[in-house]
Structure formats: C-alpha cells, structure tokens
Amino acid sequence: MVDQYVIAAALAGVAWGALAGLFAHRWWYRKRAATQTQSALESQNTALAQAEARHAAEVRQLEQQAHELHALVDTLRDDLAQQTVSADEAREALNALHLQKDEWLQQATRLSTEAGRLRHLSATFERWHEQMISLMAQNHDMHAKNNELSSIVRHVLIVSLNASIEAARAGAAGRGFSIVASEVRALAARSQELSKSYHDSLNRNDLITTATFQDIQAGGKMIAASLASVEALAGQIQSWLEQATT
Amino acid sequence: MISQQAKDSIERIFLHSARTRLPVDSSDACEITALDSQQANTALASHIVVLTISSIAFRFLLVLHFNDDKATRDYFLRDSEERSLAEALMEVGNLCCGAINQQLVEFFPDLGMSTPYQLNGACVPYLTELKPGYLAAFRVSIGANVQLGATLCMCASSPVDFVAHVNEAEESTGELELF
C-alpha cells in the first residue's frame, strides 16, 4: 500500500516534473521565439531605416534634380523668349530685305530696259550722219558754184585787160573807156580775192564739219558701247536677283 | 595737256599700225619719215581721207594724204575697176585707224571710231582750227613709187598721259604687245 503511495507519489512527481519541464520548455521556446522575433524586427527596423535613409537621399536628390530642372526650364523659357524676339526681329529684317530685293529687282529691270531703250540712240546718230552727208553735199555744190564764179571772174579779168589794151590803142578817144576797163579790172580782182577767200572758207567749213560730225559719230559709238556694257551688267544683276527670289 | 610720253606713244602706235596696215601686201616695204612740225598743217597731197577716234578725254584724227596718180591707183586698185581710189584709201585708212583704236583701247576703255570721209587736201591747214594739242606729219613710202602722207591730230579736253611700248621684235610678225 505504501508502495502504491510511493509509486503514486513518484508518478505524481514525474508528472509534475514533466509538466514543469514542458512549461520550462515552452517558456524557453517562447523566449527564444520572442528573441528571434525581436531580432528580426530590429533587423527589419534597421533595413527600414536604411531604406528610409536611402529614400530620403533619393528624395533629396530628386528634389535637387527637380530644382535644377526648374532652373533649366526657367532658363530655357528665358532663352525661348529671347529667341522668339530675335526670330521676330530676323523675320522683320528678312521681310525688309525681301522688300529691298524686290525694289532692287525693279530698279535693275528698269535700268536694263532704259539701257536697252537708249541703244536706239544709234538711230539719232544715223540721222546726224545723213544730215552731215547732206551738209557736205551742199558744201560740195557751193565749191562747184564758187569754182564757176572764179572762172567767170578770171574771164572778166582777161576781158578787162583786153579792154584796157584796146583803150590804150584808141589813144585819147579811148581814155574814158580805159578808166572803165580799169575799174572793171579792179572789181574783177576784188571778186577773185573774195572768191578765193570763199573757197578757203568752204575748205575750212568742210574740215570742221567733218571733224565735228566724226566726233559725234565716234562719240555715239562710244556711248552705244558703254550702254551695251551697262545693259549687260544690269541684265546680270536682274538675273541674279530673280534667281535669288526663286 | 597731252604729255610728251603720250605723244611719243601715239607716234609709236601710229608707226606700227601704218607699217602693218597701209601696205596692201605685208611683204611690201613701208618707210615712214617724220616731217618737220611746220609741215604738220600743210597738204601733202591733193586728197585726204579723215578718220576720228573719240574718247571722253580727247579726239584723235588720222589724216591720210594721197594723190590720184597712176602709181597710187596701180598699187591700191590693182586690177579692180569696181571701186575708186578714194574708196580703196578709205578702206586702208579704216584698217590703219582700227589698229590704232585697238591699241588705244588698252588705255582708254571708252572709245569710238568714225567712218572715213574724203576731203580736199586744201582742208589740211584748217586742222589748227580744232586747237590740237598734238599735230605731227609723216611721209609714207610704200614699195618703189607709192607716196602717201599722214597727219596725226589730237585734241584733248583733259590731261592725257599714258605709255605704250610696241614690241619691235614682234612687229615683223604683225603681232603687238603693250606693256
């Protein structure tokens, strides 16, 4: 009976020991689990803190970048505004140049047309040429008439000389006739001088008329050649401006 | 108003042009003798052919004197009966003056030349009426018995000064070099 009690007591002790061991084991296990959990939490906290710090750094960096981008945007906006102003000015200048170029083109066209028109001056020179030929023909005719007059005067001189001789032969009766013959001879001599002078004047007239006309004619050719050069140059400028317009 | 070196240049140009253009055949001898200045405004023959070169600054007259004699007719007309001696001399004068013009244009870009015109030799003394700054006369002998005369008359309205050198070495070939 005692043994039963002892055994029961031993069994009870074992049971209590087992229960105590179980509780102790549970307590240790929980404690270890808690420790592990805390350790994990601490590790996570650390990682979280690091992540936060990294994120904060990234945020700061992004804020810095955003700030820089804002500054860049502002700068670009200012630049754009300036470029817009410059573009407007350039456009105005270009428009002004276009207007000026159109004006130049008009001027070049006009210059070319005028130079081409002035080439017809040659017709005027031809008219002068014809008039000079006419004038020279008239001079030639006057030469012929003066030669005829000179021939008549020479004849009159001979006649007056013969008359003087005949008057001298007639003696006293021919005295009056001698005076008349002498007067006629004197008049014929004066006419001869006048004819010679007229002949000289005609020669002088021939030379001066010819020299003057030739100067006009040669000068006309010089002007025509110069106008042709001007016309060619104006044509070139016109062509360049037209090409630039297209 | 016309410098001495310009007068010398004109004379050189004329001599070269006359030697290369006046003879009908380039192998014909052509001797040119300068005459006394007092003869510059006298008729050297009974007929003349006048040509003018005009510029802005001056006008230049080339006067060719010729006689309508057998030797001259035989030389310039040869067997041609279709034209007169005056026409033949006007053509020759035109060639000679054209050569002068060609050389002068190197120095004076604005030049024009007239057509030739025939006048009586008695007109020559009146060249002085044009108030020339340069007047010179030459006797031109072509071949054995052809005699021509030439008078150069230059009237300037403003100073004329230039130097033209004719390359004598190339003159015989008819080429001209100005430098």
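About the thresholds
- Residues numbered from 1 in each chain as written.
- Chains lettered and ligands numbered in written order.
- Predicted model: local features only at pLDDT ≥ 70, side-chain atom pairs only at ≥ 80, totals over all residues.
- Heavy atoms only, no water.
- Helix = DSSP H or I, 4+ residues; strand = E, 2+ residues; numbered from the N terminus.
- Rg over C-alpha atoms; globule rule 2.2 N^0.38 Å.
- Buried < 20%, exposed > 50% of the residue type's maximum accessible area, 1.4 Å probe, protein only.
- Areas by Shrake-Rupley, 256 points an atom, 1.4 Å probe, with all protein chains shown as cover.
- Salt bridge = Lys/Arg side-chain N within 4 Å of Asp/Glu carboxyl O.
- UniProt positions renumbered as here; feature names shortened; annotations may be inferred.
- Axes fitted to C-alpha atoms, helices over the stretch in contact; angles between N-to-C directions.
- Parallel < 35°, antiparallel > 145°, perpendicular 65-115°, else oblique.
- Left-handed = near helix turned anticlockwise from the far one by under 90°.
- Contact = heavy atoms within 4.5 Å.
- Buried area = accessible area lost by both parts, 1.4 Å probe.
- Polar contact = N/O pair within 3.5 Å; in protein donor to acceptor, adjacent residues only side chain to side chain.
- Nonpolar A, V, L, I, M, F, W, Y, C, P; charged D, E, K, R; others polar.

If you tally the helices and strands in chain A, you get three helices and zero strands. For 246 residues, the compact-globule estimate of 2.2 N^0.38 gives 18 Å, and chain A exceeds it by more than 25% at 69 Å. Along the three orthogonal principal directions, the C-alpha set of chain A runs to about 240 × 25 × 20 Å. Expressed as a percentage of its 246 residues, the buried residues of chain A come to 18%. Working note: accessible area of chain A is about 18,100 Å², and carbon and sulfur atoms make up 61% of it.

With that out of the way, let us pick up the pattern of salt bridges. Pairing between side chains of opposite charge can happen when their charged atoms approach one another. In total, this model carries 12 salt bridges over all chains according to the counting rule given. We note a salt bridge from A:Asp74 to A:Arg77, for which the minimum N-O separation is 3.0 Å. Of the two residues, A:Asp74 and A:Arg77 both sit in helix α1 (residues 2-118), three residues apart, roughly one turn of that helix. A salt bridge links A:Asp215 to B:Arg59; the shortest N-O distance between them is 3.9 Å. In this pair, A:Asp215 sits in helix α3 (residues 175-245) while B:Arg59 sits in strand β3 (residues 58-66), so the two residues belong to two different chains. We classify A:Asp215 as partly exposed; its relative accessible area is 26%.

Our next topic: the UniProt feature "transmembrane region" (unreviewed entry) in chain B. When the UniProt feature table is mapped onto this chain numbering, "transmembrane region" (unreviewed entry) sits at residues 44-64 of chain B. The span residues 44-64 of chain B shows a helical share of 0% and a strand share of 76%, and its end C-alpha atoms are spaced 9 Å apart.

In this section: the packing of helix α1 (residues 4-21) of chain B against helix α3 (residues 85-104) of chain B. Residue and element names in this part refer to chain B. Where α1 meets α3, the closest approach of the two axes is 9 Å, and the angle between their N-to-C directions is 140 degrees. Taken together, the axes of α1 and α3 are oblique relative to one another. For α1 against α3, the interelement crossing comes out right-handed. Each of Ile 13, Phe 14, His 16, Ser 17, Ala 18 and Arg 21 in α1 lies in contact with α3, whose residues at this interface are Val 92, Leu 95, Cys 96, Ala 99, Ile 100, Gln 102, Gln 103 and Leu 104.

Attention now moves to the interface of chain A and chain B. Taken residue by residue, the interface counts 21 residues in chain A and 24 residues in chain B. Around 1,900 Å² of area is buried between chain A and chain B when both sides are counted, 63% of it from carbon and sulfur atoms. The largest contributions to the chain A side of the interface with chain B come from A:Leu207, A:Gln214 and A:Met222, which together make up 34% of the buried area. The tally of links from chain A across to chain B stands at 10 residue pairs in polar contact (both at pLDDT 80 or more). Taken together, the elements giving at least two residues each to the side of chain A that touches chain B come down to α2 (121-170) and α3 of chain A. At 17 residues, α3(A) tops the list of elements feeding residues into the side of chain A that touches chain B. Tallied by class, the residues present in the side of chain A that touches chain B amount to eight nonpolar, eight polar and five charged.

Turning to the packing of helix α2 (residues 70-77) of chain B against α3(B), a few remarks are in order. Residue and element names in this part refer to chain B. Where α2 contacts α3, the axes come no closer than 10 Å and their chain directions differ by 60 degrees. By the criterion of interaxial angle, the relationship of α2 to α3 is oblique. As for how α2 packs across α3, the hand of that crossing is left-handed. Within the contact between the two elements, α2 uses Thr 72, Arg 73, Phe 76 and Leu 77 and α3 uses Leu 85, Ala 88, Leu 89 and Val 92. For the contact of α2 with α3, the per-class residue count stands at six nonpolar, one polar and one charged.

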